[in-house]
There are 2 protein chains.
Amino acid sequence: MLISNLCVKRKFGTVADASTKGHKLCVKGGYIHQTFQGGYTLSPLGYKVCRNIERIIREEMDAIGGQEILMPVVSGADIWKESGRYDKVDVLAKFKGRNGADYVLNPTHEEVVVDFVKSVLDSYKQMPFMVYQIQTKFRDELRSRAGLVRTREFRMKDAYSFHLTQEDLEKFYAECLQAYYRIFKRIGMKNVVDVKSDNGDMGGSISHEFMLLHEIGEDTVYVCPCGFRANRETMGESKICPVCGKPLAEHRGIEIGNIFQLGDKYSKSMHLEYTAQDGTKKNPIMGCYGIGVGRAMASVIEESADDNGPIWNMEIAPYKVHIVTMADKTGESDKLGQKIHDYLTEKGVEVILDNRDIRAGEKFADADLLGAPVRLIVSPKNLEKGVIEVKYRHPDYQHLANELPIQNFEQALDTLLGECK
Amino acid sequence: MLISNLCVKRKFGTVADASTKGHKLCVKGGYIHQTFQGGYTLSPLGYKVCRNIERIIREEMDAIGGQEILMPVVSGADIWKESGRYDKVDVLAKFKGRNGADYVLNPTHEEVVVDFVKSVLDSYKQMPFMVYQIQTKFRDELRSRAGLVRTREFRMKDAYSFHLTQEDLEKFYAECLQAYYRIFKRIGMKNVVDVKSDNGDMGGSISHEFMLLHEIGEDTVYVCPCGFRANRETMGESKICPVCGKPLAEHRGIEIGNIFQLGDKYSKSMHLEYTAQDGTKKNPIMGCYGIGVGRAMASVIEESADDNGPIWNMEIAPYKVHIVTMADKTGESDKLGQKIHDYLTEKGVEVILDNRDIRAGEKFADADLLGAPVRLIVSPKNLEKGVIEVKYRHPDYQHLANELPIQNFEQALDTLLGECK
């Protein structure tokens, strides 16, 4: 991709209404555009990052046996009345169809998934199983915040598991908790902890929030050196560790995921039954597991960006390699830049080429906003030395080679990209 | 994947409320589940097919220079008022947020994309470009029909192109028309024609509908041997070819895609401007291009299924290979079935294994509903002969080998799958 063809506009100067560093960089870099208060369009750049995050989530959900489905954004009011949540969930947006029927925009999909599973589940032999989706939700929040950190409409991975017993749920719940840590690590998050939390509106008993410890977080997390962790809701006024009695350290946290043991709240209220081994009808025990995709992107930027732009790892970067060519009279730099670009494109590596006739400083500022982990600089000076200069935006890669030979650059580049994994 | 683990229920007997063969098979095969009238959940099976269709669409849109974005399902009423369509589009669902603001569920995204492009476009140098999304829409239709053929909520690919001149739009429009034929062919549709149509609510001048000629279609298409084609709206009462004067043949058609030359209707009403080469401000010329994903899946089934189930090609089949093992006392069939399954899984080929202890007839009926192009039958009888029996559901593959040697099945299977492409 040529940077001049990219349908993205980098913006400079101050960004109005952006309260956090990450939000500012998302707007400056042209990753997102606000369509309405709390609703965003993802540009080609922002959507590439989100699709990379979705791929990671999908792989990890599949690895623990998940089966991907797609449920609708809208549903009839009937199933929400059946579960008893129609008048209880304040973020539930409602509208009337031309046919006179009442509809809702699903803010979460327990009702919809239970209705779906009713059409599938007969026998105890079918359990356990987990279905998940990566899909759009709408929550009629009173306020939105910090770009994609808190929005009204957002993409979310939500998974739902179905079990014969509480013990079996707990076993899967523990597996899912581990999968979540793998996901957040692959996305590039560092200070992630899980915290016991209140089930609130969701029902059920045990639940955990995954918190990215960060100063812009809306939540408070109490952490004890003994390993105990809790959020404000579960701790109340106390700031003393209930396990070891020491004073708790207080952190701010962004909630990047949550997992719930739901028991039979939904399966019972909505009459989801299976035939047990003894022939009786029973309600499955359920768990549910959520991760916000856009919020994950926003959180990585909050945690890892510098003042000049986001710092992506190889797995989620919109472009892995950013080639900057410096104008020279012979046109040799542009020619080599194009050659490297075509080689990487052919190999399926996402690459962007900046061969615009503008100042080097502008090119580097744009490269910082795009945040590719590997930057190749092709200039007359480097051509003379027979090398391509390499810069790394991501700290994990900075010990690697800072130049590649032009002769046989293909092999050297393959090796280098292999080392960046 | 083991068929016994698949979170899908095949249903037998008659299906209430299903008016067409395709709708019946979608329900019987467990591809879809109705969440509300005109809103469906895609099961793991249905979503696999849709994701394969989406991959094809994405590849072909990228090939003509498209850049993928994601716009929200919801938007504020403001942009719909600005374009003048807020009170004109009857399928526009509206609701009020808790903050008192008016929202809509976007039935199409001209308003939203123009608002996005306003944040990106400055100069004539940036054009032409095309952005597209694959995303969920809601249309408050008075009736839904034939499963995924006509729904209220649906997944759609919608693309929007921006040009300096009408001539440049027409050039891209012709490229997109060809890309659409490639897409429908890869999806496995046969009787597809493009038909000049009325722009209606969309505005602009020229537009084409892509019609799959099929008896269940809601639309009427007139076709002349001379090559002329038109729909009922453009023909009016006349059934005589305006080009050659011969009587027109009348067909039923399912509208599987449409493309529009929009002119400056949206760019003008919504004040989307760029600076032209001469320094003046101008409105871009736009085109838009739609394909319904779920409808594409439904249409393939209507056109190609037999009475026993869908017939998928390799590109869109949820599973490419379906292994059926026949019980034998030694367990050798199951062992070989598992070995083939593991080999294909390792190679990234989507494969399903049916080693259930049920009648062969039931297994074959399920295999027909899953519709994998290649079916491998491992039985004691075949083991004795030293072969794996091969059956093909798709007619294009039926000339290929009807057995594979057990010895070195890996190599023979690779060759066979290569030939099925």
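Structural data are supplied above this passage.
Rules of the game
- Residues numbered from 1 in each chain as written.
- Chains lettered and ligands numbered in written order.
- Predicted model: local features only at pLDDT ≥ 70, side-chain atom pairs only at ≥ 80, totals over all residues.
- Heavy atoms only, no water.
- Buried < 20%, exposed > 50% of the residue type's maximum accessible area, 1.4 Å probe, protein only.
- Helix = DSSP H or I, 4+ residues; strand = E, 2+ residues; numbered from the N terminus.
- Contact = heavy atoms within 4.5 Å.
- Buried area = accessible area lost by both parts, 1.4 Å probe.
- Salt bridge = Lys/Arg side-chain N within 4 Å of Asp/Glu carboxyl O.
- Polar contact = N/O pair within 3.5 Å; in protein donor to acceptor, adjacent residues only side chain to side chain.
- Nonpolar A, V, L, I, M, F, W, Y, C, P; charged D, E, K, R; others polar.
- Pairing = 2+ DSSP bridges.
- Axes fitted to C-alpha atoms, helices over the stretch in contact; angles between N-to-C directions.
- Parallel < 35°, antiparallel > 145°, perpendicular 65-115°, else oblique.
- Left-handed = near helix turned anticlockwise from the far one by under 90°.
- Least-squares fit on C-alpha atoms with pLDDT ≥ 70 in both.
- 1 Å grid on protein atoms, 1.4 Å probe; cavity = no way out; pocket = protein on both sides within 12 Å on 5 of 7 lines; lining within 4 Å.
- Points joined across faces, edges and corners; volume = space filled by probe spheres on them.

K.L.:
How should helix α1 (residues 21–28) of chain A be read in this particular structure?
P.N.:
In an α-helix, one full turn covers 3.6 residues, which means residues spaced three or four apart are oriented alike. All names here are of chain A. Within the sequence span of α1, burial applies to Gly22, His23, Leu25, Cys26 and Val27. In this fold, the buried residues of α1 make contact with β1 (32–36), β2 (39–42), α8 (293–304) and α10 (360–370). Phi turns positive one or two residues past the end of α1, at glycine 30, with a value near 75°.

K.L.:
When you look at the interface of chain B and chain A in this model, what are you seeing that I'm missing?
P.N.:
One frequently used descriptor of interface size is the decrease in accessible area upon assembly of the parts. Taken residue by residue, the interface counts 57 residues in chain B and 57 residues in chain A. A combined buried area of about 5,000 Å² lies between chain B and chain A, and 59% of that area is made up of carbon and sulfur atoms. In this assembly, chain B and chain A are joined by 6 salt bridges. Notably, a salt bridge pairs aspartate 90 of chain B with arginine 98 of chain A, separated by 3.7 Å at the nearest N-O pair. Summed over the shared surface of chain B and chain A, the number is 18 residue pairs in polar contact (both at pLDDT 80 or more). When grouped by side-chain class, the residues that make up the side of chain B that touches chain A number 27 nonpolar, 14 polar and 16 charged.

K.L.:
Hey, could you run me through the environment of methionine 127 of chain B in this one?
P.N.:
All names here are of chain B. Summarising the element assignment, methionine 127 is placed in the loop between α4 (110–118) and β7 (129–138). Judged by its relative accessible area of 7%, methionine 127 falls in the buried class. Considered as a pair, methionine 127 and glutamine 37 are 90 residues apart in the sequence and their alpha carbons are 42 Å apart. Setting aside its immediate chain neighbours within four residues, methionine 127 contacts Leu121, Phe162, His163, Leu164, Tyr274 and Pro284.

K.L.:
Explanation requested: the sheet that holds strand β18 (residues 351–354) of chain A in the structure shown.
P.N.:
Hydrogen bonds along the backbone pair up the strands of a sheet, which may run parallel or antiparallel. All names here are of chain A. In spatial order, the strands read β18-β17-β19-β20-β21; together these 5 strands make up an open sheet with mixed pairing. Edge positions in the open sheet fall to β18 and β21 (403–405), since each of these has one partner strand only. Averaged over all pairs of adjacent strands, the angle between strand axes in this sheet comes to 25°, irrespective of strand direction. On the sheet, helix α9 (residues 332–346) packs against β17 (321–325), β18, β19 (374–378) and β20 (387–392) and is oriented at approximately 165° with respect to β17. Sheet contacts for α10: β17, β18 and β19; angle to β17, the most-contacted strand, approximately 175°.

K.L.:
Honestly, the packing of helix α2 (residues 44–63) of chain B against helix α5 (residues 166–187) of chain B in this entry has me stumped. Any pointers?
P.N.:
Helix-helix packing is characterised by the crossing angle of the two axes and by the distance between the axes. All names here are of chain B. Taken N-terminus to C-terminus, the directions of α2 and α5 make an angle of 150°; their axes are 10 Å apart at the nearest point. Classified by the angle between their axes, α2 and α5 sit roughly antiparallel to one another. When the axes of α2 and α5 are compared, the crossing they make is right-handed. Contacts between α2 and α5 involve Ile53, Ile56, Ile57, Glu59, Glu60 and Met61 on the former and, on the latter, Cys176, Ala179, Tyr180, Arg182, Ile183, Arg186 and Ile187. Broken down by class, the residue content of the contact of α2 with α5 amounts to 9 nonpolar, no polar and 4 charged.

K.L.:
Help me understand the sheet that holds strand β18 (residues 351–354) of chain B in this model?
P.N.:
Residues and elements named next belong to chain B. Taken together, the 5 strands give an open sheet; going across it, the order is β18-β17-β19-β20-β21, and neighbouring strands pair in mixed fashion. Each having just a single partner strand, β18 and β21 (403–405) make up the two edges of the open sheet. Shown here is a sheet whose adjacent strand axes are inclined to one another by a mean of 25°, direction ignored. Bridge analysis of strand β19 (residues 374–378) against strand β20 (residues 387–392) gives 4 bridges, and the strand direction is antiparallel.

K.L.:
Whenever I open this one, the relation of the copies chain B and chain A confuses me. Can you help?
P.N.:
Here two copies of a chain appear, and what relates them is a rotation about an axis with a shift along it. Under the fitted operation, chain B is carried onto chain A by 0.0 Å of movement along the axis and a turn of 180°, and the coordinates agree to an RMSD of 0.0 Å. The superposition of one copy onto the other is thereby described by a two-fold rotation axis. Rotation axis and chain B: the residue whose C-alpha lies nearest the axis is phenylalanine 95 of chain B, separated from it by 2.7 Å. Same-surface contact between copies: 100% of interface residues of chain B are shared with the interface of chain A.

K.L.:
Is there a simple way to explain empty space enclosed by the protein in this structure?
P.N.:
The gaps left among the atoms become clear once a water-sized probe is rolled over them. Under the definition given, this model contains 5 cavities of 30 Å³ or more. Considered as a void within the structure, the largest cavity measures approximately 200 Å³ in volume. Along its surface, the largest cavity is lined by 16 residues, and Tyr40, Leu42, Glu153, Phe154 and Arg155 of chain A are the ones closest to its centre. Contributing elements (two or more residues each) for the lining of the largest cavity: β2, β8 (153–163) and α8 of chain A. The residue makeup of the lining of the largest cavity, split by class, is 9 nonpolar, 4 polar and 3 charged. The volume enclosed by the second largest cavity comes to roughly 60 Å³. If you trace the second largest cavity, you find it lined by Arg145, Val149, Arg150, Ile216, Gly217, Glu218, Asp219, Gly253, Ile254, Glu255 and Arg295 of chain B. It is strand β13 (residues 249–263) of chain B that contributes the most residues to the lining of the second largest cavity, 3 residues altogether. Taken together, the residues that form the lining of the second largest cavity break down as 3 nonpolar, 2 polar and 6 charged.

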